[in-house]
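# Commentary on secondary and tertiary structure
Residue-level listing of the chains:
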Amino acid sequence: MSDALGQQVVVINKPGAGGTIGTDQVVRAEPDGYTLVFGNTGPNAIVALTRKIPYDLFTDLQPISTVALTPMILAVPADSPAKTLKDFIAYAKKQGNTMNFGSVGAGSLSHLTGEYFNELSGLKLQHVPYTGGAPMLPAFIGGEIQAAFVTGLDGATMLASGKVRYLAVGTEKRTDVAPGLPAIAEDVPGFKSVAWFGVLAPRGTPDNIVKKLNRAVAAAVANPEVNKLFRDRWIEPHSSTPQELTDIIKSEVAQWKPVVQKANIQN
């Protein structure tokens, strides 16, 4: 984006509260195009379903563009008896409610994905939350968890360790982002879970600035080095119009709201 805009773009990490602290800072900033948030499914779609947040997803933020999409991937320990998704479902049904799945936190997309998978597959996997993707690797290795839904980004270290095996992806159909893996929907009809990353600005940002930023994001995503960086981590580079990102957020809220309500998820 710095190249496209002809000025430096400074990245400031603002962790905390599932990403809502950083997002709230952007919401309160001047809508002049100089303060943006690199958002994702959690703080910009799901978090409002699990707790009260200080901003409104649809009235306080101006979507600029998506940056990438990544399927949620069902991962199991390398020594799991399940070699395929069919194996996993059959094995889990035999175990009843004694099997579990890990997540990167209560109320996270990985948590909701597991609950959704339970609902559609008829399984009873028990939820075990962790404080991020990194702590889940020792949990896999130590036998604490039998499965988890991860993004290519979170799962890269686990996969590289050789201690984890991927079984299937959450896209509706097979994707070249995850070569060789079937879609979960092939055995669990109707299943879909895909995370997005994108850029948003404070609501009220002028249209001409929104368009300029949108072009800068698109140029950055199309950069061959950026493209390779994403694909090497099982992530699909994907820029969009502001309206497309708005529609994605709306569809995410509509998809996950009943899951949150049925599983009584609060964070």
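The sections below set out a description of the structure shown in this document. As the structure is a prediction and not an experimental result, all values here were calculated from the model. (Residues numbered from 1 in each chain as written. Predicted model: local features only at pLDDT ≥ 70, side-chain atom pairs only at ≥ 80, totals over all residues. Heavy atoms only, no water.)

### Quick look at the overall build of the protein
Summing up its helical and strand segments, the protein has ten helices and nine strands in all. Principal axes of the C-alpha set define a box for the protein whose edges measure 60 × 40 × 30 Å. Counting all 267 residues of the protein, 49% fall into the buried class. A separation threshold of at least 6 residues defines the contact pool for the protein, and within that pool the share at least 24 residues apart is 77%. When the accessible surface of the protein is summed, it comes to about 12800 Å², and 52% of that surface belongs to carbon and sulfur atoms. Side-chain charges in the protein split into 24 positive and 23 negative, and the spacing between the mean points of these groups amounts to 4 Å. (Helix = DSSP H or I, 4+ residues; strand = E, 2+ residues; numbered from the N terminus. Buried < 20%, exposed > 50% of the residue type's maximum accessible area, 1.4 Å probe, protein only. Contact = heavy atoms within 4.5 Å. Areas by Shrake-Rupley, 256 points an atom, 1.4 Å probe, with all protein chains shown as cover. Lys, Arg positive; Asp, Glu negative; His and termini not counted. Charge placed at Lys NZ, Arg CZ, Asp CG, Glu CD.)

### Digging into the pairing of strand S4 (residues 100-103)
Both faces of the sheet carry side chains from a regular strand, because those side chains alternate between them. By the alternation rule, side chains of S4 split into Asn100 and Gly102 and Phe101 and Ser103, which are all buried. The pairing of S4 with strand S5 (residues 126-129) spans four bridges and is classified as parallel. Looking at S5, one finds that Gly102 is bridged to Val128. For the crossover from S4 across helix H5 (residues 109-121) to S5, the handedness is right-handed. (Pairing = 2+ DSSP bridges. Right-handed = clockwise from strand over helix to strand, strands pointing away.)

### Describing the nonpolar core
Counting residues in hydrophobic clusters, the biggest one holds 29 residues, and the most contacted among them are Leu74, Phe88, Phe117, Leu125 and Ile184. Secondary-structure elements contributing two or more residues to this core are strand S3 (73-77), helix H4 (85-95), H5, strand S7 (164-169) and helix H10 (242-263). If we skip the residues at most four places from it in the chain, Leu125 touches Phe88, Ala92, Met99, Asn100, Phe101, Phe117 and Asn118. Of all hydrophobic cores here, the second largest spans 18 residues; its members include Ala75, Leu137, Val169 and Val177. (Core = buried A, V, L, I, M, F, W, Y, C linked by side-chain atoms within 4.5 Å.)

### Brief notes about the environment of Gly133
If you trace the backbone, Gly133 turns up in the loop between S5 and helix H6 (136-141). Judged by its relative accessible area of 13%, Gly133 falls in the buried class. Taking the C-alpha atoms as reference points, Gly133 and Thr70, separated by 63 residues in sequence, lie 15 Å from one another.

### With respect to the pattern of salt bridges
Applying the stated criterion to the full structure yields five salt bridges. With a shortest N-O distance of 2.8 Å, Glu186 and Arg174 are connected by a salt bridge. On the criterion of sequence distance, the pair formed by Glu186 in the loop between S7 and strand S8 (194-202) and Arg174 in the loop between S7 and S8 is long-range, its members being twelve residues apart. Among the residues examined, Glu186 registers a relative accessible area of 43% and is labelled partly exposed. A relative accessible area of 54% means that Arg174 is categorised as exposed. For Lys228, the salt bridge identified is with Asp232, shortest N-O distance 2.7 Å. Judged by relative accessible area, which is 52%, Lys228 ranks as exposed. (Salt bridge = Lys/Arg side-chain N within 4 Å of Asp/Glu carboxyl O.)

### Some points on the sheet that holds S8
On the basis of which strands lie adjacent, the open sheet formed by four strands has the order S1-S8-S2-S9 and antiparallel pairing. With one partner strand each, in any of the chains shown, strand S1 (37-40) and strand S9 (236-237) form the two edges of the open sheet. Bridge count between S1 and S8: four bridges; the pairing is antiparallel. Directly across from Val37, in S8, lies its bridge partner Leu200.

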